[in-house]
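Tertiary structure, described
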Amino acid sequence: MTDQTITSVSRESRVFKPSAEFKAQANLGSEATYKRLYAESVNSPAKFWGRQATELLTWRKPFSKVLDWKAPHAKWFTGGTLNVAENCLDRHLGTARENKAAIIFEGEPGDITTLTYKQLHREVCKFANVLDSLDVGKGDRVAIYMPMVPEAAIAMLACARVGAIHTVIFGGFSSEAIKDRVNDCQAKLVITADGSWRRGKVVELKASVDRALEGTPSVQHVIVLKRTATEVSMTAPRDRWWHDVMTGAKAEHKAKAFGSEHPLFILYTSGSTGKPKGVLHTSGGYLLGTTITTKYIFDLKENDIYWCTADVGWITGHSYVVYGPLSCGATVMMYEGAPNHPAPDRFWDIIDRHGVTIFYTAPTAIRAFMRWGDDYVKKYSLKSLRLLGSVGEPINPEAWMWYHTLIGKKRCPIVDTWWQTETGAIMVSPLPGVTPTKPGSCTRPFFGVVPKILDDNGKEVPKGSGGRLFLMQPWPSMLRTLWGDDSRYKKQYWSEIKGVYFAGDGARFDKDGYLWVVGRIDDVLNVSGHRIGTAEVESALVSHPAVAEAAVVGRPDEIKGQGLVCFVTLKSDQKPTEELKQALRGHVAKEIGAIARPDEVRFAAGLPKTRSGKIMRRILKEIAAGGAIKGDTTTLEDFNVVASLQSEG
Ligand code: WTA
């Protein structure tokens, strides 16, 4: 093994076959069909995607060409026009779906609202009329900074309906983050709320917007939803209440059709360094990617109650709370608040009370539940569940097994879905009912996706060896550019190997051709000439019975290049002793090999995370190296965690 490949050390070998029962009812339940369609999708993409786009979407004007690819710029379904909101709403009216619940909402305080497709359509039409009246239309940018409430989806869909480009800013971001994003895309309108509920407290959204708007000259109007009845300051005539503008708005709205490549949204995502990147997605291709993956990967059925716990502020909330499931006519569960409010059983309680059948969440949440203890789960039957999903980071086998056993009761397939803000839709995932799963592997590519693992010279590495993950062919839901910065787009994603998409992740294929993503390439360490995925060391640590969560970073080491520093939080009944530190170092060496023996283990009360739950390794690296925290900390959930890590140093 040279230092051009990543030493991959996971020893997971369990395989879980789909049950005959699940297979029999699956939307795509045969290996032969998967193989045939996959081959067609990569060998004759125009034929495959042309057919899918015609079958799965409703076009006003049919497209004339499936793909126009001048690397790295793709145009999908050119000549075609459609309206994305119409695909998510209008086309379900006049069918058996029209009086079916589109959104079942539960607020953190316990309030429940259900909107049928007909009712959701009505609200979206009214809000689209409001946008028209404010002269917000085709190509205008609208920032949405909202709680996880139905009005967030209504605002997004109304923008889509009038052709405005939304940029949803996660409701936990600071006013600095709002200001940067609003200025970058020159938003004309901001849609927000007085506040949102989080662990019984009010997060003051309007106050953050007010601070941000001191430095955002492009903003002409602010619409404010009353959610928490918190006192806010309203600046006339800029600021208007949602309920005021909606009163008297007409419930009929004639939607215009837009070109397939009309921009649908910008979503800012942070690189490991530098200012956030405004990932741009467009209409036809994005909607097709999210629709087809929802149908086959979540095996969506007419009577499912589908719950993706992601906030609409993230790509998962765009693709798998709003666009994919509504385009498929699903019933979407939406929950406003924290998973541990009023107690750590809130999610399981929601699943039992609402009869949730499909549940899609993140490994960081699963590990939190593990930490809180099994008793919170065991009070509930969870018998409505039939499919589980995971997204956002590699899921460590221990968490996978816990999810499989305690939540899925060994009955539900788990789809571990690999994708990115940039890919728009799921790229690599098991197909439930078809693909045997292995804990920790996202398994095989979805239709049209050609992943390859290449070394630093662009050569494909042998199976079993690690390297960098590339996608060799364009796909419909791919990002089109970075807003206002096409040169960064080219450099970031397409310059490693010309014309080929660089995902920025380290990964390997195993002997069965299963993909194992080890994490971002910048989270990959080089220890004595071997690259080691920090996620794998973390997974080894978490497999120790005393450990709740772990984050591993590199620190410069004169001899080895990089040394491994592990930040570990312990289960609540464990004591942080020197002995335990040594035991953990030994445990990692045993699980992975002496090469990965941590140089240092530090116990911590908490780990610094973004609000989406990603551990901010950059900060831990700085702490491990003993330096001051430099760079942007605005995306950090709780700065106190950092302060205490430094003082424990
Ligand atoms: C990581 C979230 C392993 C990966 C949809 C990717 C994963 C980044 C998985 C994108 C998975 C996401 N297994 N790693 N199933 N899903 N990732 O843009 O490093 O927030 O590049 O999109 O998350 O994160 P993003």
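Above this text sits the structure in question.
The notes below deal with the structure included here. (Residues numbered from 1 in each chain as written. Predicted model: local features only at pLDDT ≥ 70, side-chain atom pairs only at ≥ 80, totals over all residues. Heavy atoms only, no water.)

**Focus: the overall build of the protein**
Within the protein one finds 20 helices and 31 strands. Overall, the protein is about 70 × 55 × 50 Å in size when its C-alpha atoms are taken along their principal axes. The buried share among the 649 residues of the protein stands at 61%. Taking all contacts inside the protein whose residues are at least 6 apart in sequence as the whole, residues at least 24 apart take part in 71%. For the protein, the exposed surface amounts to about 24,100 Å²; the carbon and sulfur share of it is 51%. For the protein, the separation between the mean place of its 83 positive charges and that of its 71 negative charges on side chains is 4 Å. (Helix = DSSP H or I, 4+ residues; strand = E, 2+ residues; numbered from the N terminus. Buried < 20%, exposed > 50% of the residue type's maximum accessible area, 1.4 Å probe, protein only. Contact = heavy atoms within 4.5 Å. Areas by Shrake-Rupley, 256 points an atom, 1.4 Å probe, with all protein chains shown as cover. Lys, Arg positive; Asp, Glu negative; His and termini not counted. Charge placed at Lys NZ, Arg CZ, Asp CG, Glu CD.)

**A closer look at the packing of helix α2 (residues 31-43) against helix α3 (residues 45-56)**
Axis angle and axis distance: for two packed helices, these are the angle between their axes and the distance between the axes, and together they describe the pair. Contact pair α2 / α3: the axes reach a minimum separation of 5 Å and the direction vectors enclose 115°. Considered as vectors, α2 and α3 are oriented roughly perpendicular to each other. Here Leu37, Glu40, Ser41, Val42 and Asn43 of α2 lie close against α3, whose contacting residues are Pro45, Lys47, Phe48 and Arg51. (Axes fitted to C-alpha atoms, helices over the stretch in contact; angles between N-to-C directions. Parallel < 35°, antiparallel > 145°, perpendicular 65-115°, else oblique.)

**Some words on the pattern of salt bridges**
Counted under the stated rule, the structure contains 37 salt bridges. Here Glu31 ties to Lys35 by a salt bridge, and the two come within 3.2 Å at their closest N and O atoms. Remark: Lys35 and Glu31 occur in helix α2; sequence separation between them is four residues, near one turn of the helix. The shortest N-O distance in the salt bridge between Glu600 and Arg602 comes to 3.0 Å. Judged by relative accessible area, Glu600 falls into the partly exposed class, the value being 22%. Overlapping salt bridges bring together Glu106, Arg346, Asp349 and Arg353 as one network. (Salt bridge = Lys/Arg side-chain N within 4 Å of Asp/Glu carboxyl O.)

**Section: the packing of aromatic side chains**
Under the counting rule described, the total for this entry stands at 39 aromatic pairs. Consider the rings of Trp348 and Phe359, whose centres lie 5.8 Å apart with planes at 65°: the pair is edge-to-face. With Trp348 in helix α12 (residues 346-354) and Phe359 in strand β19 (residues 358-361), the pair connects residues that are eleven residues apart, well separated along the chain. For the pair Trp348 and Phe359, one class covers both residues: buried. Within the aromatic cluster, the residues linked to one another by ring pairs are Trp307, Tyr335, Phe347, Trp348, Phe359, Phe369, Trp372 and Tyr403. (Phe/Tyr/Trp six-rings, centres within 6.5 Å; stacked < 30°, edge-to-face > 60°.)

**Examining the site of the ligand**
Close to the ligand lie 16 residues, the nearest being Asp416, Thr417, Gln420, Thr421 and Asp505. Gln420 places a side-chain nitrogen or oxygen 2.9 Å from an oxygen atom of the ligand. When the free accessible area of the ligand is taken as 520 Å², the share hidden by the protein chains comes to 91%. Only α11 (315-327), β21 (414-417) and β26 (515-520) provide two or more residues apiece to the shell around the ligand. Across the shell around the ligand, the residue classes break down as six nonpolar, five polar and five charged. (Near = heavy atom within 4 Å. Polar contact = N/O pair within 3.5 Å; in protein donor to acceptor, adjacent residues only side chain to side chain. Nonpolar A, V, L, I, M, F, W, Y, C, P; charged D, E, K, R; others polar.)

**Examining the environment of Val209**
Structurally, Val209 is set in helix α8 (residues 205-212). Linking Val209 and Ser175, residues 34 residues apart in sequence, is a C-alpha distance of 6.2 Å.

**A short note on unusual backbone geometry**
Cis geometry marks the peptide bond from Ala71 to Pro72, where omega comes out at 0°. Along the chain, the position of Pro72 falls in the loop between β2 (65-70) and β3 (73-78). Of the consecutive residues Ala236 and Pro237, the connecting peptide bond is found in the cis state with omega at -5°. Tracing the backbone through its elements, the reader meets Pro237 in the loop between β12 (221-225) and β13 (239-241). Not every positive phi belongs to a glycine, and Asp299 is a case in point at roughly 50°.

**Examining the nonpolar core**
Core analysis: the biggest nonpolar cluster contains 146 residues, and Leu120, Phe127, Trp242, Tyr323 and Phe447 have the highest contact counts within it. Excluding residues within four positions of it along the chain, Trp242 makes contact with Phe127, Met146, Glu151, Ile154, Ala155, Ile191, Ile223, Val224 and Leu225. With 30 residues, the next largest nonpolar core counts Met333, Val356, Phe369 and Tyr380 among its residues. (Core = buried A, V, L, I, M, F, W, Y, C linked by side-chain atoms within 4.5 Å.)

**Quick look at the state of the cysteines**
In protein chemistry, a disulfide is the covalent bond that joins the sulfur atoms of two cysteines. Scanning the model with the defined rule gives zero disulfides in all. Here Cys328 is not cross-linked by a disulfide; its sulfur's nearest cysteine counterpart is in Cys88, at 9.1 Å. The thiol of Cys412 is unpaired, and the distance to the nearest cysteine sulfur, on Cys308, comes to 16 Å. Of the residues examined, Cys412 reaches a relative accessible area of 3% and is grouped as buried. (Disulfide = S-S within 2.5 Å.)

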